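# Structural overview for review
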Amino acid sequence: MKKSNIIILVAGMALMTSCSLYKTYERPDVNTKGLIRDNVSLTDTLVAPADSANFGQLPWRSVFTDPQLQILIQQALDNNVDMLNAALNVSMAEAQLKAARLAFLPQFTFSPQGTIASWDGNAATKTYQLPIAASWNADLFGNLLSQKRSAQVQLLATKDYQTVVQTNIVAGVANMYYTLLMLDRQLEILNDMIGLTKDTWDMMKLQMDLGRARSTSVQSAEANYYSVKAQAVDMQRQIREVENSLSLVMGQPAQTISRGKLGNQSLPSEFSTGVGIQLLANRADVHYAELNLAKCFYNVETAKSRFYPSLTITPSATFTNNAGAIVNPGKWLLSAVGSLTQPIFMKGQLTAGLRVAEAQYEQAYNTWQNAVLKAGSEVSDALVLYHSSDEKGKLEAQRVETLEKNVEHTRLLFKNSGSSYLEVITAQQSLLNAQLSKVTDDFYKMQAVVNLYNALGGGGK
């Protein structure tokens, strides 16, 4: 066989092999049927209604309209340490991608040299070399290509992570803000109850002076008064702790947080969650997990390419006056070297590298699948929390209304010796617990809106 035919055959085999290596990532199959469970009631198992413009695609300023809350969220996005570090991660990924793209270009070096030599005291001779050398890796089997693609998806994944951090900050600030509003309202209820229990204590002291009550009733009323005051002190502690936590999220020293009132808040009450595939597109963490899967795919391709030859072409040009004999002026010396390196025995390193890359791909696939399931579960949890809190809050409102009447009636009956002091204290405690529970349910309903917005990938816009 002629040498020219052999060269053509080898080149053709290399071309076919390289074409089989140049693969691009394709999303594996994922089952999104029934991913979201619409918990309109605790017994329903219906799929949530589909809508192209779902709740999670709204900008966060359209969802959280309280001006004080908007200021706090913006301060957190500007100053939060995690957010700042996420931006730096994006910058590093951009630099790595730029380096991966430049790897296709030749590498140039310039290393001038000069020598002065004298033999046996004779006149000195001066020689010099001004070499420019280049080295180019001909990416026949996709090693550089797969590394570039890996860097591309890594950059996209880093940007997704930045979005994940942002959505978590938006949801975290909103939840802590509404927690403060809940605690403020509960503290108001406790302060009102402090006044009511003080009136009851004074009333029982008056009844004891008139001989209509015993000292035990006065002591029970006094103990109930101090119990409510202790609850108020504990509530003040919780408020301070939440303010400190919110200040930390905003990247600021612990401070008092300016805020509105719980009753003045307005949040959406109708939601469209979209279908499963929309959830995959809108959830930055799900997309981040898939991009990690794509990165691992290209890492496998890179590991495979290391089994094939690498072709390096090294041209050089040297302007010198020492090319076997010293001449002046100097002359150009041109050369080019091509080297082909085929791994034969690498002590199992290439095989181990491939197996590790394949195992990492499997891990990334499992993580992605779990991220999809977790996303659907979080949406379902938020929906059931909203509907159950809404239903329970309505029942608690009726309970509070009934207990308010009960407290008023038992106090009147006690004044007229128609009831015992225990009935009065019990009625007040029941009313306090119902009022606090009603506020908690209102907060859970608001928290469910925040959680649903976050679960649908909201907050990134």
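In what follows, the accompanying structure is described. All values derive from a computational prediction rather than experimental measurement.

Attention now goes to the nonpolar core. One finds Phe64 and Tyr178 to be the most contacted residues of the largest nonpolar core, which totals 71 residues. Contributions of two or more residues to this core are made by α2 (60-63), α3 (67-79), α4 (81-102), α5 (143-209), α6 (215-249), α9 (349-415) and α10 (421-455). Tallying contributions element by element places α5 first for this core, with 21 residues. With sequence-adjacent residues up to four places away left out, Tyr178 is seen in contact with Phe64, Leu69, Gln265, Leu267, Phe443, Met446 and Val450. In terms of nonpolar packing, the next biggest core, distinct from the first, is built from 21 residues, Tyr298, Val300, Ala364 and Trp368 among them.

In this section: the pairing of strand β6 (residues 310-322). Pairing of strand β5 (residues 125-138) with β6 involves eight bridges; the strand directions are antiparallel. Across the sheet, the residue bridging to Ala138 is Leu311, located in β6. Judged from the 12 bridges that link them, β6 and strand β7 (residues 326-341) form a sheet pairing that is antiparallel. Residue pairing in the sheet places Thr312 in a bridge with Ser339 of β7. Hairpin connection between β6 and β7: a loop of three residues separates the two successive antiparallel strands, and Gly324 in this loop has a positive phi of roughly 95°.

Two quantities define a packed helix pair, namely the angle between the helix axes and the distance between the axes. Packing of α4 against α5 leaves a shortest axis separation of 9 Å and a crossing angle of 170°. Relative to α5, the element α4 is oriented roughly antiparallel. Here Asp82, Met83, Ala86, Ala87, Asn89, Val90, Ala93, Glu94, Gln96, Leu97, Ala100 and Arg101 of α4 lie close against α5, whose contacting residues are Gln147, Lys148, Ala151, Gln152, Leu155, Thr158, Lys159, Tyr161, Gln162, Val165, Gln166 and Ile169. Each residue belonging to the contact of α4 with α5 can be placed in one class, and the counts come to 12 nonpolar, seven polar and five charged.

Let us now look at the packing of aromatic side chains. Summed over the entire model, instances satisfying the criterion amount to 15 aromatic pairs. On the basis of an interplanar angle of 70° and a centroid distance of 6.1 Å, the ring pair of Tyr25 and Phe297 is categorised as edge-to-face. Taken as a pair, Tyr25 in the loop between α1 (3-21) and β1 (37-38) and Phe297 in helix α8 (residues 284-305) lie far apart in primary sequence, 272 residues in all. For Tyr25, a relative accessible area of 17% gives the class buried. What links up through ring pairs into an aromatic cluster is the set Tyr25, Phe297, Tyr298 and Tyr361. Seen from the ring of Trp201, Lys205 lies directly overhead, with NZ or CZ sitting 4.6 Å from the centre.

In the structure shown here, the tally under the stated rule is 18 salt bridges. Asp390 is the salt-bridge partner of Lys445, the closest N and O atoms lying 2.6 Å from each other. In this pair, Lys445 sits in helix α10 while Asp390 sits in helix α9, placing the two residues 55 residues apart along the sequence.

With that settled, consider the side chain of Asn175. Within the secondary structure layout, Asn175 lies in helix α5. A relative accessible area of 15% places Asn175 in the buried class. Engagement of the side chain of Asn175 in a polar contact is seen with the side chain of Asn451, the distance being 3.4 Å. Residues contacting Asn175, with those up to four places away along its chain left out, are Phe443, Gln447, Val450 and Asn451.

The next thing to look at is the environment of Glu401. Tracing the sequence through the fold places Glu401 in helix α9. Note on Glu401: relative accessible area 45%, which makes it partly exposed. Spatially, the C-alpha atom of Glu401 lies 9.5 Å from that of Gln435, the residues being 34 residues apart in sequence.

Conventions used here
Residues numbered from 1 in each chain as written. Predicted model: local features only at pLDDT ≥ 70, side-chain atom pairs only at ≥ 80, totals over all residues. Heavy atoms only, no water. Core = buried A, V, L, I, M, F, W, Y, C linked by side-chain atoms within 4.5 Å. Buried < 20%, exposed > 50% of the residue type's maximum accessible area, 1.4 Å probe, protein only. Helix = DSSP H or I, 4+ residues; strand = E, 2+ residues; numbered from the N terminus. Contact = heavy atoms within 4.5 Å. Pairing = 2+ DSSP bridges. Axes fitted to C-alpha atoms, helices over the stretch in contact; angles between N-to-C directions. Parallel < 35°, antiparallel > 145°, perpendicular 65-115°, else oblique. Nonpolar A, V, L, I, M, F, W, Y, C, P; charged D, E, K, R; others polar. Phe/Tyr/Trp six-rings, centres within 6.5 Å; stacked < 30°, edge-to-face > 60°. Lys NZ or Arg CZ within 6 Å of the ring centre and 35° of its normal. Salt bridge = Lys/Arg side-chain N within 4 Å of Asp/Glu carboxyl O. Polar contact = N/O pair within 3.5 Å; in protein donor to acceptor, adjacent residues only side chain to side chain.

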